[in-house]
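Topology and contacts: notes
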2 protein chains.
Amino acid sequence: MLKLFTASEAQQTILRRQRGGDSTYPQSFLDGLAQHFGPGTTPEGTVRAILDSIRTDGDEALRKWSAELDRVYLDSLSIPVYRFEEAYRGIPDDLRQALKDSAARIRSFHERQPLPSWTTGEMGGTVGQRFTPVQRVGVYVPGGTAPLPSSLLMSVIPAQVAGVSEIVVCTPPEPDESILAAAYLCGVDTVFQIGGAQAIGAMAYGTESIPAVDKIVGAGGLFVTLAKQRVYGIVGLDGLAGPTETMVIADASANPAWVAADLLAQAEHDPLASAILLTPDATLAAAVAAEVERQLANLSRRETIRFALEHRSGVVLTEDMDTAVMLANDYGAEHLCLAVEDPQSLSEQLYNAGGIFLGEFSFEVLGDYVAGPSHVMPTGGTARFASPLNVLDFVKLTSIVALDPDTCRHLAPTAARIADAEGLSAHAAAARIRLQDSTGEKI
Amino acid sequence: MLKLFTASEAQQTILRRQRGGDSTYPQSFLDGLAQHFGPGTTPEGTVRAILDSIRTDGDEALRKWSAELDRVYLDSLSIPVYRFEEAYRGIPDDLRQALKDSAARIRSFHERQPLPSWTTGEMGGTVGQRFTPVQRVGVYVPGGTAPLPSSLLMSVIPAQVAGVSEIVVCTPPEPDESILAAAYLCGVDTVFQIGGAQAIGAMAYGTESIPAVDKIVGAGGLFVTLAKQRVYGIVGLDGLAGPTETMVIADASANPAWVAADLLAQAEHDPLASAILLTPDATLAAAVAAEVERQLANLSRRETIRFALEHRSGVVLTEDMDTAVMLANDYGAEHLCLAVEDPQSLSEQLYNAGGIFLGEFSFEVLGDYVAGPSHVMPTGGTARFASPLNVLDFVKLTSIVALDPDTCRHLAPTAARIADAEGLSAHAAAARIRLQDSTGEKI
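Attention now moves to the overall build of chain A. For chain A, the helix and strand inventory stands at 18 helices and 14 strands. Along the first, second and third principal axes, the C-alpha atoms of chain A reach 85 × 60 × 50 Å. Taking all 443 residues of chain A together, the buried fraction comes to 61%. When contacts within chain A are restricted to residue pairs at least 6 apart in sequence, long-range pairs at least 24 apart make up 72% of them. Here chain A displays about 16,000 Å² of accessible surface, and carbon together with sulfur accounts for 48% of that area. Across chain A, the mean location of the 33 positive side-chain charges is 7 Å away from that of the 54 negative side-chain charges.

Evaluation of the coordinates by the stated rule reveals 34 salt bridges over all chains. The closest approach of N and O atoms between A:Arg19 and B:Asp214, which form a salt bridge, is 3.8 Å. Linking A:Arg19 in the loop between helix H1 (7-12) and helix H2 (27-37) with B:Asp214 in the loop between helix H9 (196-205) and strand E7 (215-217), this pair reaches from one chain into another. Among the residues examined, B:Asp214 registers a relative accessible area of 7% and is labelled buried. With its nearest N and O atoms 3.2 Å apart, the salt bridge here joins B:Arg83 to B:Glu86.

Residue and element names in this part refer to chain A. Relative to the helices and strands, Arg-312 is located in the loop between helix H13 (302-311) and strand E11 (314-317). Since its relative accessible area comes to 40%, Arg-312 is described here as partly exposed. For the pair Arg-312 and Lys-3, spaced 309 residues apart in sequence, the C-alpha separation works out to 9.9 Å.

To continue, consider the relation of the copies chain A and chain B. Once chain A is rotated about the relating axis by 180° and shifted along it by 0.0 Å, it coincides with chain B to within an RMSD of 0.0 Å. A rotation of that kind, with that shift, is consistent with a two-fold axis. The overlap is high: 100% of the interface residues of chain A also sit at the interface in chain B, so the same surface is used on both sides.

On to a positive patch on the surface, then. On the surface, A:Arg48, A:Arg230, B:Arg48 and B:Arg230 cluster together into a positively charged patch. Inspection of the secondary structure assignment puts B:Arg230 in helix H10 (residues 222-231). The exposure class of B:Arg230 is partly exposed, given its relative accessible area of 32%.

This next bit is on the domain arrangement of chain A. Structurally, chain A comprises domain 1 (4-11 + 243-385), domain 2 (27-69), domain 3 (82-238) and domain 4 (404-435). Placing a centre on the C-alpha atoms of domain 2 of chain A and another on those of domain 4 of chain A gives a separation of 54 Å.

Okay, the interface of chain A and chain B next. Tallying the contact residues gives 133 residues for chain A and 134 residues for chain B. Between chain A and chain B the total buried area reaches about 11,200 Å² when both faces are included, carbon and sulfur atoms providing 61% of it. On the chain A side of the interface with chain B, the three residues burying the most area are A:Arg19, A:Tyr232 and A:Arg434, jointly 7% of the side's total. Where chain A meets chain B, there are 10 salt bridges. One salt bridge in this structure joins A:Arg384 and B:Asp214, with 2.9 Å as the shortest N-O distance. A per-element tally of the side of chain A that touches chain B places helix H17 (residues 405-421) of chain A first, with 12 residues. By residue class, the composition of the side of chain A that touches chain B is 73 nonpolar, 35 polar and 25 charged. Where strand E13 (residues 353-358) of chain A and strand E14 (residues 395-402) of chain B come together, three bridges link them in parallel fashion. The residue of E14(B) that forms the bridge with A:Phe357 is B:Val401.

The subject of this paragraph is the packing of aromatic side chains. A full pass over the atoms with the stated rule returns seven aromatic pairs over all chains. Taken together, a centroid distance of 5.0 Å and an interplanar angle of 45° make the contact between A:Phe109 and B:Trp118 tilted. Placement of the pair is A:Phe109 in helix H6 (residues 93-111) and B:Trp118 in strand E2 (residues 118-120), with the two residues belonging to separate chains. Like B:Trp118, A:Phe109 is buried. Judged by centre distance (5.4 Å) and plane angle (80°), the ring pair of B:Trp258 and B:Phe361 falls under edge-to-face. Here B:Trp258, found in helix H11 (residues 256-267), pairs with B:Phe361, found in the loop between strand E13 (353-358) and helix H16 (364-369); they are 103 residues apart in sequence, far enough to count as distant. For B:Trp258, a relative accessible area of 6% gives the class buried.

Cut-offs used in this document
Residues numbered from 1 in each chain as written. Chains lettered and ligands numbered in written order. Predicted model: local features only at pLDDT ≥ 70, side-chain atom pairs only at ≥ 80, totals over all residues. Heavy atoms only, no water. Helix = DSSP H or I, 4+ residues; strand = E, 2+ residues; numbered from the N terminus. Buried < 20%, exposed > 50% of the residue type's maximum accessible area, 1.4 Å probe, protein only. Contact = heavy atoms within 4.5 Å. Areas by Shrake-Rupley, 256 points an atom, 1.4 Å probe, with all protein chains shown as cover. Lys, Arg positive; Asp, Glu negative; His and termini not counted. Charge placed at Lys NZ, Arg CZ, Asp CG, Glu CD. Salt bridge = Lys/Arg side-chain N within 4 Å of Asp/Glu carboxyl O. Least-squares fit on C-alpha atoms with pLDDT ≥ 70 in both. Patch = residues over 30% accessible without salt bridge, like charges linked within 9 Å, V, L, I, M, F, W, Y side chains within 5 Å. Domains from an automatic or database assignment. Buried area = accessible area lost by both parts, 1.4 Å probe. Nonpolar A, V, L, I, M, F, W, Y, C, P; charged D, E, K, R; others polar. Pairing = 2+ DSSP bridges. Phe/Tyr/Trp six-rings, centres within 6.5 Å; stacked < 30°, edge-to-face > 60°.

Structure follows, in C-alpha cells:
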C-alpha cells in the first residue's frame, strides 16, 4: 500500500509542488454542483455567486444558502451564549480536563512569544515600530465528519494573547458540543452557525447579524479556500490551506511501529493528505511499510487512510541523510518529524517547515493537540514564506517617525534631491518649504 | 478646489471604505483593452490570459507581451550587470550621495528591528519559534512616468537585512538610470526588464530565464495588483496596493503652508490618490485651502494634483480632536501626519495606520525617502490588519517541538482523549502506542 520511491522518482511525483494551473475536480463533485447551480457550474463560479449574494442581501442570503447547502433552516444565525456553558458542563469530565490542559499549554506557549515594539533615539529624534492588535478577528472552525474543538483553541488563543478585543467564530450549523465547550473554555461569546464560503463572505463583508472583521483565520474545505482567495485584500488572511502533510525523516534508530503510527495518523485526515517517509535505511523502510499494513486493520477511518497512502504518500529511499535534508527543504512540509539519533543537529539544517518535531517523543499528534504551538500551519509548500498561526498574525506594525527639527533640516535636501530625480516636484517642494521657512536657506 | 466636509458627510464620501464590489474602469481604458485583446475584454480576463501564457510558454510569452504591451523587442530579458555600475557612476554626484544617504538610513532602521527566535525549557523539553529567511524574493519596481529608485531601496534593503540570499528585481523595459544605480548601490545583481502582470507571472511560475521566487513584494498599477491577487497562495505577497493616501490631523498650531505642501505632495502621485485633512479649526481649514491654491501654480504635475484633490480628497471639519481620532482609526490611512501641538499624546490614541508622522518636522516626504522605515505601506484601509514592509516580511517562523520523554508520556493521554472526541482513531493510536511501548501502561 505504501509505495517505495527513489529520490528522483519522488521529485517527479509525490514531492512535486505545482505552481498554479487549474485544479481538476472529480466528476461526481462537479455533477453535484450542476444539480444545485445549473449545468457547467464550476466551484469558482459557485463561490462567486455565494459571495456576491451575501454582499448584496446579507442575512437573507445566509439563510438561503444554509437551507440550500446545509439543509438547515436557521432561525437565529448566532448560537445563544448559554449553550456554551451547557455544552462545557455536559461533555465528559476527562474530555473537559483534556481541553483545559490543551488550552493552558497553547496559552502558555503563545504568551512567551516576544512582540517587541521599539524606538531608537539614535537616528535623530525618535523612530521605531509599534505593534497594535488587530481589532476584530473572525475564526473559521470547520465542522463535518470530524468536528475539531482543537482548531478553535489553536486559532482563538493566539488572537487573545495578541490582545484582539473582538473575536467572532463561524462554524457549520448544529456544531458538535465539544466545539461549543471549547468556545466557553476560552471565553468566546460570539459563535455563528454558518459554514463554508458563506461564513467567509459574511465575515468579510458583514451582514445585519455578522460584523465585518479585519482578519479571517482558520482552515476549511475547498469552498472556504476559494472564498478566502476571493476576499484577499479586503480582509487579512492567515493563508490558504490545502490538504495536510507530514514528512518524517528517519534513520536506523527509529521505531518502525511509531513511525507507521504517525504516518497513519496523518493519512486519516483527508484522502488528499500526504504522509511521506524519507530514509536512507532500506530495512527501516520495509519495516515501516509492514507496520502500516498491520496497524491499519484496527483503525476506523481505513478507507480514507488507504486512499491517502496510495496517492500522495510514500517512502522515499534516499542515498544519504543530506539528500533527505535537501528534499525536505525543497518540499517545505507542514509537519516535519525527525525520528533520528541526533534530531537537534539535523534540525539546524532544515529551514522550510511549519513545525519541526524533534525525536520520536515529540510526535506530531502531540503538536495537533497539546504541545503548545498552534496546529494551524502552512501547507502546500507555503512554509517557504509562511508561518504557523502565531501572535504576529493578530497584530500589525505602525512605523513611528518623530524626527527632531535639526534632523529634519539635515535630511530635507536628500529627500528633495531624490524627489527631483523621480520627477515629483510637489514632493521636493514639501521638503524645501521646511528649509526656507525655518532657516531662510534655499536648497 | 479642496472641498470642505463635515464628519458625517466625509464618512459617506471621501472616508468611505468599500468592501468588495467590482471596480468600475474608465471607458477609454476598456476600449484600449478591447483593441489589444478583442471586444468585451476585462482587466481580469487580460491578466488571466497573460499569466496563463507565461505559465505555459515562459520566456517566449514574456517576449510576446513586451512587444505587444510595451512596444519593446527584448533581446535579453535581464539587464547586464556592468550596466548597473555604469549607471551608478553616471548619475549626478548629488543624486548618488542622496541615494547613499537614503540607503544608509533604511538599512540602519531595519537592522534595529528585533527578530527574536526563542525557546523555553519550562514546558517540558524544549519548545519555541525559530525565524529563518525566505530563500528567494522577487521585488517589483514600477517604471512609467515617475521612475522610483527609492522603491527599489525601500523593498530590497529590508530583505537583505532579513538575510534573504537571492533577490530578483523586475522593472519595466529600459529602466531609468537611477533605478539601475540604486540596484548597484545595494548590491543587487539580477534585474529583469519585465513589467506589469508579466513580471508577476514570471516570478510566480518561473520561466527559462527568470527563477520562480518564494515571495513577491512591491507595488504597481492595476495589472500588477490583479496579477498578484491571482498568484496569492502560490507565492507569498506583501499585500495588494491601491492608490496612496495621506491623512493629516492638524490643530490651530499647524503651519497652513506646510500642511498644504504635504497634501499637494500626496496628490501628485496619482489622480486616485487621497489627501485628507482632519481639523477642528475652521480658520486653519480655510488657510490650508488657500495655500493649496497658491502653491499649486508652481507645480509640474498640476493636472494630476487637481484631479486627486477634487475627487478622493478634502478637508474634514471635525467637532473636536476626539472625532478626528475616531475617523482616523476607522479610515486606517497609509500615512497619518500629526500637525498638532502634542503629537506624542495624540499618537497614543491612534492604532490603524501604516506610518505615523509626529509633528511638522516629521513630514511624510521624509518618510518617502530617508527617515528609515520602508515607504511601502498598507493602503485602502488594510492598515487594519497589515504592516509597512519590514524585516518580518522576509522571514518565516518554524515551530520547534522537542519534548522530553516524561512530558510526552504526561501529555499523550490528553492528546488521545481529544482525538477520540474528534473521531480520529489513528491520532489516538499514535499517542497510545508511545505509552504502551515505553511504559506498558494502557490509556
